[in-house]
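Below, each chain spelled out in residue letters.
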Amino acid sequence: MNIAAFSLLTIFTLATAAAAALLPRLIHAALCLALSFIGVAAFYALLGAEFVGLVQILVYVGAVAVLIVFTILLTHREDGKGVSAMNWGGVAVAIAVFDGLLWAILKTPSLMGATANSEPITVKQIGITLTAGYMWPLQCTGILLTAAFIGALILVMEEKR
Amino acid sequence: MTPWIVSHLWLIPAAPLLASLLILCFATEKRIFTVILAITGQVFALEISGHAFFQTLCNPGVHDFHNFTWFIFGETPLRLGWLLDPLNAAMLVMITLVSLCIFIFSVGYMKDDPHFNRFFTFLSLFSAAMLGLVIANSLLLLFICWELVGLSSYFLIGFWIHRPSAAAAAKKAFITTRIGDIGFFLGLLWLYGKSGTLLFYANGEGCLEHAALLSLGGSVTVIALLIFCGAAGKSGQFPLHVWLPDAMEGPTPVSALIHAATMVAAGVFLVARMYPLFSFGAIHGVTPSLQTVVWIGTITSVMASLIAIAQSDIKRILAYSTVSQLGLMMVSLGVGGMAAGIMHLLAHGFFKALLFLGAGSVIHGCHHGQDIRKMGGLQRLMPVTFATYAIGMMALSGFPLLFSGAWTKEEILHATWLWPVSVVPHLLMLAGVFLTALYMTRQMAYVFFGKARDKNSLHAHESPRVMTIPLIVLAVCAVLFSIVLTPAWPWLESYLTGEHIPGHFGAIFQPMVFFSVLLVGAGVWVGMRVYSNAGKADPLQESQPEVFRFLENKMWIDEFYEHTLLKWSADAARLADWMDRRIWDGFVRAAAGAGRLLAYATSNFDQGGINIGVDQGCDTTQDLARAVSAWHSGNIQNYLRAIGLGTLALLILYLLLG
Amino acid sequence: MTTPLPLLLGMSAALFSLGLMAVLSRRHAIFILIGIEIMLTAANLNFIAFWRYSPQPQPTGVMFAIFSIAIAAAEAAVGLGFVIIVYRHYKTTEVSKLNKLKG
């Protein structure tokens, strides 16, 4: 992957993710979240997993981000107090974890000399693998999604007395 | 092959002892049983003593003995035994006969006393102890019976326990004789240590036999003197005589038995028994121990005679007379006239008991009044008592021919005359003879002659027959006894010494005899002159008040003791008490205080330290718990932060450990 | 020039930390869900990166990423349902006010 593309995309994704985390207004944060998802999808495309990128956009941006926006709208407070303060302890823990992960990455020597294989993957291949090798997880995921969907409905449904 | 009687000599003291125990356990209000038991015991003892006496008549001069082992210390056996020899047998007969008379007399005398049974218990016990003392073949057995005699005499002197003077007298008697007994016991131990045996005669091994006496070496004198301490205490020699006059606090039969015939005789008997020890290594019949005996006896005799002249209690005169006569006996033993001394002891037993019982009869008749200055004219009112008392007085004073005291005194004077060391005892004994006659005449004059000086004596009555018959018996004995004592027929002397002494009629008419008769007559004449018509005040007191006062107060000896020895012992007791109270008690209290301090400290520590510590601990735990539970804030993000940090830590750990 | 693998991993680590920061330090419940989504995305990115740089070509990484996305979506739905319920009951979306389980 091209270094230039990588660095641009990195900056974009990280910036929007930071915005999603740090912006005081909730709706702004949700929208920035969607942007960061798009950035990640571009990443996937750059890394040769275009299908995953498209799935990402479909699911994350199309469903999750929208769901978040809807929830924000449903739980919106009239007094306009959408401001959330920051807890600096949490920030410290996050930074510590980041340091730890970096250190873990740098400590592993085998990562340095890794080379990329330029074998692309086609949708056909993905489809065959899914239905041939990964049928079981596929069906389970289907059940899971059904259960989640029904569950969320029941949760949110208002009791009519 | 010991004869039956010798091995069964223990029957003699056993009978009164059994009687005493039976009376103690089974006596009732009906006194007849007590009387039967006591008298039977005495009669039995007399019977067996007679038997023993006849045994010795068959074998004159022999010491028959029967020894047995009492118990064994490891390897060493402790042996005791009975002894029968002429000295013993004569004493046994005298003691049992006199005791029997006194027991019969006591039945009448103590008729009104509420503690009749207790009296006979003690009297029988005393009799048993005395008889045991006499038959002992071992110095240890003798000492045991000696102590028992002392104990019984304590009980008997202090018989009227509610009287403080009686209790004090009993205590004084016991303690004074105890002081003598300490010397006796030391001598006993020394003897045992040196010679290895305490048996008197044991086929050549006894401590009075030659081999043992040789082994004692130079300590013979000291041992003899130590044993003499005991004898001096029991027989009331100077300086341990102070208990005897006070012992008159007891009932009169007690005085008769103890202080006339038996207990005081025990001391003289001891010296006679231990005579081989005293006379070992004698040069012309003189040893240092025997000399000491003579001098002490002399001092005692003269001193007591002088004091007797100024006494006004009927029994006290007789008590001092006893002390004086005992001194005389000791002198006799000391100068070598052992047979003479024992003969006088036997005779003295009879007539002194007679005199004491007569005094008892007088006291009973005068409704328990004892002051002679309040008596008088009893000759007509109490004739039997007068007659027997007169016989006793003549025997004591030494009236010649018919009266036993005369012959024995002759023998003693003869022996003192022959003493090589000094003639002073002889002269002082002569003075004693004069004084004896004088004070006895004084007593007779005051009590029996003249007119009644008091209303009690005015209405005196003769005593009942149960009391007068023993008096008569003893009087007869006193007279008859003289027959065997005359130098004309020296049967008793030869019996006692084992030697055949020729007797001849002419011995009665020695110059010594005449001189002493003269002295006796002089004494009686002076006495009658001075005292026959005396009023309530003593004539001597009127003429020589200071001398009289000195004599009346017993030469201030009791007061001297009180201010020195008694005071010192009281001071020592006070010091010991102070030490006990302050020092030892202080230690104990200090220890207790330390204990309390420890308890206080522990309690404080427990309350202040441990309690608070535990409380603090609990509080701290609670605070800690509260603090820890505060972590459960319910805030999810806190939990998540904690999880994040924890996972990071695990990651680092995983990486570090490979 | 291809990017070295550590760089990719570092970037996904940074994304992950940003998501963690959002979870740990924002008081609003939806922000926490946003953070969770970002963390899941970063993990997916990790998988794809490793798939890309693996020695033998295999579809496992892609499969995993696909499934992960599906499950993340389900979880987001349920989570947001919860937020709505909680808002309805407690009238608030601040997590610090939801502390009934405190000890």
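All figures in this text were calculated on a predicted structure; none of them were measured in a lab.

For chain A, the helix and strand inventory stands at 6 helices and 0 strands. Shown N-terminal to C-terminal, the secondary structure of chain A runs as helices and strands in the order α-α-α-α-α-α. Burial statistics for chain A: of 161 residues in total, 35% are counted as buried. Once local pairs closer than 6 in sequence are excluded, the contacts in chain A between residues at least 24 apart make up 56%.

Time to look at the side chain of Thr96(B). With respect to the element layout, Thr96(B) can be found in helix 4 (residues 86-109). Excluding its chain neighbours within four sequence positions, the residues that come into contact with Thr96(B) are Gln42(B), Ala45(B), Leu46(B), Ser49(B) and Leu131(B).

Bringing helix 2 (residues 11-26) of chain B into the picture now. With 16 residues, helix 2 of chain B ought to run about 22 Å at 1.5 Å a step, and its terminal C-alpha atoms sit 22 Å apart, in line with that. For helix 2 of chain B, the complete set of buried residues consists of Leu11(B), Ile12(B), Pro13(B), Ala15(B), Pro16(B), Ala19(B), Ser20(B) and Ile23(B).

For the rest of this paragraph, the subject is the packing of aromatic side chains. Taken as a whole and assessed by the stated rule, the structure comprises 22 aromatic pairs over all chains. Aromatic side chains Tyr154(B) and Phe155(B) sit 6.1 Å apart centroid to centroid with 55° between the ring planes, which places their arrangement in the tilted category. Take Phe155(B): its relative accessible area is 29%, and that puts it in the partly exposed class. Put simply, the rings of Phe103(B), Phe116(B), Phe119(B), Phe120(B) and Phe159(B) pair up and form one aromatic cluster. Above the plane of the ring of Phe31(C) lies Arg26(C), whose end atom (NZ or CZ) is 3.9 Å from the centre.

Each partner contributes residues to the interface: chain B has 10 residues there, and chain C has 13 residues. Summed over both sides, the interface of chain B with chain C buries roughly 850 Å², with 56% coming from carbon and sulfur. Linking chain B with chain C are 0 salt bridges. Between the two partners, chain B and chain C, sit 3 residue pairs in polar contact (both at pLDDT 80 or more). The biggest single contributor to the side of chain B that touches chain C is helix 28 (residues 636-656) of chain B, with 5 residues.

Turning next to the state of the cysteines. Residue and element names in this part refer to chain B. Scanning the entire structure with this criterion turns up 0 disulfides over all chains. Here Cys-477 is not disulfide-linked; the sulfur of Cys-101 is the nearest cysteine sulfur, at 6.2 Å. With relative accessibility at 17%, the residue Cys-477 sits in the buried group.

Attention shifts here to the confidence of the model for chain A. Residues with a pLDDT of 70 or more make up 91% of chain A, whose mean pLDDT is 86. Within chain A, helix 2 (residues 26-46) of chain A carries the highest mean pLDDT (93), whereas helix 5 (residues 123-132) of chain A carries the lowest (89).

Okay, the interface of chain A and chain C next. Across the boundary between the two partners, chain A contributes 78 residues, which contact 71 residues of chain C. Our count for the contact surface shared by chain A and chain C stands at 0 salt bridges. Applying the counting criterion to the chain A and chain C interface returns 5 residue pairs in polar contact (both at pLDDT 80 or more). Considering each element in turn, the side of chain A that touches chain C owes the most residues, 12 residues, to helix 3 (residues 50-74) of chain A. For the side of chain A that touches chain C, a count of residues per class yields 58 nonpolar, 16 polar and 4 charged.

Reading guide: rules and limits
- Residues numbered from 1 in each chain as written.
- Chains lettered and ligands numbered in written order.
- Predicted model: local features only at pLDDT ≥ 70, side-chain atom pairs only at ≥ 80, totals over all residues.
- Heavy atoms only, no water.
- Helix = DSSP H or I, 4+ residues; strand = E, 2+ residues; numbered from the N terminus.
- Buried < 20%, exposed > 50% of the residue type's maximum accessible area, 1.4 Å probe, protein only.
- Contact = heavy atoms within 4.5 Å.
- Expected span 1.5 Å × (residues − 1).
- Phe/Tyr/Trp six-rings, centres within 6.5 Å; stacked < 30°, edge-to-face > 60°.
- Lys NZ or Arg CZ within 6 Å of the ring centre and 35° of its normal.
- Buried area = accessible area lost by both parts, 1.4 Å probe.
- Salt bridge = Lys/Arg side-chain N within 4 Å of Asp/Glu carboxyl O.
- Polar contact = N/O pair within 3.5 Å; in protein donor to acceptor, adjacent residues only side chain to side chain.
- Disulfide = S-S within 2.5 Å.
- pLDDT = per-residue confidence, 0-100.
- Nonpolar A, V, L, I, M, F, W, Y, C, P; charged D, E, K, R; others polar.

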